[in-house]
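# Structure at a glance
Residue strings, one per chain:
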Amino acid sequence: MRTWTAPEIAKLPGLGRPPKLFNTASGRLEHPPISNDRATLYVCGITPYDATHLGHAATYLAFDLMQRAWLDAGIETVYAQNITDVDDPLLERAKATGVDWKHLADDQISLFRSDMFRLGMLPPQHYVAVTERIDEIANAVARLRELGLAYEVPTTDSVGDDLYFDVRQAQVSTEWRLGDVAPYDEHLMQQLSAERGGDPQREGKRDPLDPLLWRSARDGEPSWESAVGTGRPGWHVECSVIAAGALGNAFTVQGGGGDLVFPHHEFTAAHATALSGTPLAHAYCHVGLISYEGHKMSKSRGNLVLISRLLDAGADPSAIRLGILAHHYRSEWEWFDEDLQKAHRRLQAWREGIARETEDPLDAHEVLAQLRQALANDLDTPVMLATLDAALDRGVDQPELIAAAAQSLLGVVLVEGG
Ligand code: 5CA
Ligand code: ZN
C-alpha cells in the first residue's frame, strides 16, 4: 500500500542512546537486541472502518517516538504496519451503512494516511493490507495444518469447515507456551478472548481459547479461493504472516495498544513460532488505552475524538502531539477537551521562549542531554516536556539547537519552516 510522505528530521550534534523499553512479555525494562545497527519494528495497524481517533494517534505516536530515539542513537529503523482491511466489524459497518466494504476500507485508509501525514508521523517502509497477502496467509494456515496444529470445526452456514489453531498441541510440539506474551491467568484470557474477537463458546473447538485461522466462505461475505478452501483468514495469523514477511522473524519490537496483548499478540507469536521455529519478536511493547467520556475510546462505542476533526477545526498538529506526549505512553489516561487548549498554551510558551533573549541562559547542549536521557528511559515524554518547560521559561544559549531537538525527538515544530 502507498504510505505518506516522511517528515523532515533535523540532525542533532552527537548521538543519543538506544532506548530502554518495557517488554510486556518479561515485565521488565530492557534493551531489545539490535543487530547491525538496525532496529526492526512491527506495529499493528488500523481496521479501516472509522477515521483515526486520538487513541490510535497515541499508539502510533509512541512508536514514532521509539523510532526517533533509535534514529537519534544512529540506528537505522525498518518499520512495518498492516491494515486489517477485511474483518467482522468492518463488514458489519459496511452492511449497516449500505456501503461496499472495499470502498469503506479505501476511504478510511486514505483518511488515516492524511491524518498520519498531518501529524508528522514517520511512515512505515512496509505498509501491507491483509487483502494483499491472502495467498501467503492461506499457505501459512495450510502449513500449520500439515504440522498438526490446525483442525476443522464444522459449520452450519457454509459449505466448508472453519479452521482453528490447536493451542494445547502447539504447547507440546513448538517452543511457544500460552502466556509467553500476555502475563494473564487463563480465566482472564477467556474473558478477553470473548471481548476481543475470539469465540470461546463456539462448539466443536478443542479448547475454548483456540483462535480462528480460516473462516470458510459465508453468504454476503468476501472470500478468496486458496490452498485451504474458499474463505478469509483469521485475524492473528494475518499479522504473523505480514510481520514475518516484511521483517523476518525475531525482529526487535512488536507493538500496539494494550488491547492487543491478549489474544492478538499472544497468538500472533504462537503462529509465527510454529511456522518458523523462532519467536516473532524480542520485545512486545504496548501503549496504555486512552479513554474519553469515562470509557475506553473505541470505534464500537463511538466515543471518539477524531484527529481529522481537530485538525480541520484549526488544531496545530504540534499541539495534538503535545497533548498526547504529556502522558507516559504506558499509562492509561482520559482525554478532556480542554487538554487541547492546554497543549496550545504550552506550544505558544515554547515558541515565545525560543524567540526571547535572556540574561542568564541555560546551556542548550545540557538541555539536549537531559532530553536524550529521558527519551532513552522508556520514552519518558512527561520528563522531556517538563525539561523544555523549564528551559524555555529561563531561556537557552542556542535556541536553534533546542528547536531542532524538539523537532527531531518529539516532532514538535517551534520555528517556521522547522
Ligand atoms: N487492526 C487491528 C490490529 S491488527 C486493530 O486493533 N485495529 S484498530 O483500528 O482497532 O486499532 C489500531 C491501533 O490502535 C491498535 O494498535 C490498537 O491497539 C490501538 N488502539 C485502539 N484503541 C485505542 C485506545 N483507545 N487507546 C490507545 N490505543 C488504541
Ligand atoms: Zn495486528
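In this text, all values refer to a predicted model and were calculated from it rather than measured experimentally.

Moving on to the sheet that holds strand S5 (residues 126-129). Pairing in this open sheet of five strands is parallel, and the strands run S5-S4-S3-S10-S11 from one edge to the other. The open sheet is flanked by S5 and strand S11 (281-287), the only strands paired with a single partner. Neighbour to neighbour, the strand axes of the sheet diverge by 20° on average, direction disregarded. This element, helix H7 (residues 235-247), spans strand S3 (38-43), strand S4 (76-83), S5 and strand S10 (251-257) of the sheet and lies at about 160° to S3.

The three strands lie next to each other as S13-S12-S14, forming an open sheet whose pairing is mixed. Pairing within the sheet leaves two strands with one partner each, and these edge strands are strand S13 (295-296) and strand S14 (333-334). Judged from the two bridges that link them, strand S12 (residues 290-292) and S14 form a sheet pairing that is parallel. From the neighbouring strand, Ile 290 faces S14, where its bridge partner is Trp 333.

Turning to the coordination of the zinc ion (ligand 2), a few remarks are in order. Perfect tetrahedral coordination of a metal by four donors corresponds to 109.5 degrees between them, and perfect octahedral coordination by six donors corresponds to 90 or 180 degrees. Listed as protein donors to the zinc ion (ligand 2) are Cys 44 (SG), Cys 239 (SG) and His 264 (NE2); their distances from the metal cover 2.1 to 2.3 Å. Seen from the zinc ion (ligand 2), its four donor atoms lie at angles of 104 to 117°, and the figure they make is tetrahedral. For His 264, a relative accessible area of 1% gives the class buried.

Right, let's talk about the domain arrangement of the protein for a bit. Examined at the domain level, the protein breaks down into domain 1 (21-291) and domain 2 (316-327 + 337-410). Inter-centroid distance (C-alpha atoms) of domain 1 to domain 2 is 35 Å. Of the roughly 1400 Å² buried between domain 1 and domain 2, counting both surfaces, carbon and sulfur atoms make up 66%. Across the pair Asp 64 and Arg 321 runs a salt bridge, and its minimum N-O distance is 2.5 Å. In this assembly, domain 1 and domain 2 are joined by seven residue pairs in polar contact (both at pLDDT 80 or more). Among the elements of the structure, strand S1 (21-23) and helix H1 (54-72) are those that each provide at least two residues to the side of domain 1 that touches domain 2. Of the residues forming the side of domain 1 that touches domain 2, the biggest block, 11 residues, is contributed by H1.

Close contacts around ligand 1 come from 24 residues, with Gly 45, Thr 59, Thr 84, Asp 259 and Lys 299 the closest. Between ligand 1 and Cys 44 there is a distance of 3.4 Å, counted from an oxygen atom to a backbone nitrogen or oxygen. A distance of 3.1 Å separates a nitrogen atom of ligand 1 from a polar atom in the backbone of Gly 55. Look at ligand 1: alone it shows 600 Å² of surface, and the protein chains cover 95% of it. At the level of secondary structure, the elements contributing two or more residues to the shell around ligand 1 comprise H1, H7 and S10. The biggest single contributor to the shell around ligand 1 is H1, with four residues.

What follows deals with the side chain of Thr 47. If you trace the backbone, Thr 47 turns up in the loop between S3 and H1. Those residues in contact with Thr 47 that sit more than four places away from it in its chain are Thr 84, Asp 87, Leu 90 and Lys 299.

Looking now at the nonpolar core. Leu 54, Met 66, Val 253, Ile 320, Trp 350, Leu 410 and Leu 414 are the most contacted members of the largest nonpolar core, which has 80 residues in total. Element by element, the count of residues in this core is highest for H1, at 11 residues. Three or more residues apiece are contributed to this core by two domains, here domain 1 (21-291) and domain 2 (316-327 + 337-410). With near-sequence residues (within four places) excluded, Trp 350 lies in contact with Leu 322, Leu 385, Leu 388, Asp 389, Leu 392, Leu 410, Val 412 and Leu 414. Counting residues in each nonpolar core, the second largest holds 56 residues, with Leu 91, Leu 178, Ala 243 and Ala 246 among its members.

Basis of the calculations
The written sequence of each chain sets the order in which its residues are numbered from 1. Here chains are named by letter from A upward and ligands by number from 1 upward, in the order in which they appear as written. Note on the predicted model: pLDDT of at least 70 is required for a residue's local features to be given, and 80 or more for side-chain atom pairs to be given and counted; whole-chain, interface and lining totals, by contrast, use all residues. To obtain the side-chain values, all non-hydrogen atoms of the structure were used and water was disregarded. At least two bridges found by DSSP between two strands is the condition for calling them paired. Helix numbering and strand numbering both begin at the N terminus, where a helix is a DSSP run of H or I of at least 4 residues and a strand a DSSP run of E of at least 2. A fitted line through C-alpha atoms represents every axis, and for helices the fit uses only the stretch in contact; the resulting angles, taken between N-to-C directions, go from 0 to 180 degrees. Any pair of residues with heavy atoms lying within 4.5 Å of one another is described as a contacting pair. Metal donors were taken as nitrogen, oxygen and sulfur atoms no farther than 2.8 Å from the ion, or 3.2 Å where the ion is Na, K or Ca. Water is excluded, so coordination may look unfinished. For four-coordinate sites, all angles between 85 and 135 degrees define a tetrahedron; for four- and six-coordinate sites, opposite donors beyond 155 degrees with the remaining angles between 65 and 115 define square planar and octahedral shapes respectively, and all other cases count as irregular. Relative accessibility thresholds used throughout: buried, under 20% of the residue-type maximum; exposed, over 50%; partly exposed, between the two (1.4 Å probe, protein chains only). These domain limits were set by an automatic method or by a database of domain assignments. Reported buried area values correspond to the accessible surface (1.4 Å probe) lost by two parts on association, with both partners' losses combined. Criterion for a salt bridge: a side-chain nitrogen of Lys or Arg within 4 Å of a carboxyl oxygen of Asp or Glu. Pairs of N or O atoms within 3.5 Å make up the polar contacts considered here, provided that, within protein, one atom can donate a hydrogen while the other can accept it, and that residues adjacent in sequence are counted only when both atoms are side-chain atoms. Any residue with a heavy atom positioned within 4 Å of a molecule or strand is treated as near that molecule or strand. Exposure was quantified through the Shrake-Rupley algorithm and a 1.4 Å probe, taking into account, for residues, occlusion by the shown protein chains and nothing else. Throughout this description, the term nonpolar core refers to a set of buried Ala, Val, Leu, Ile, Met, Phe, Trp, Tyr and Cys residues connected via side-chain atoms within 4.5 Å.

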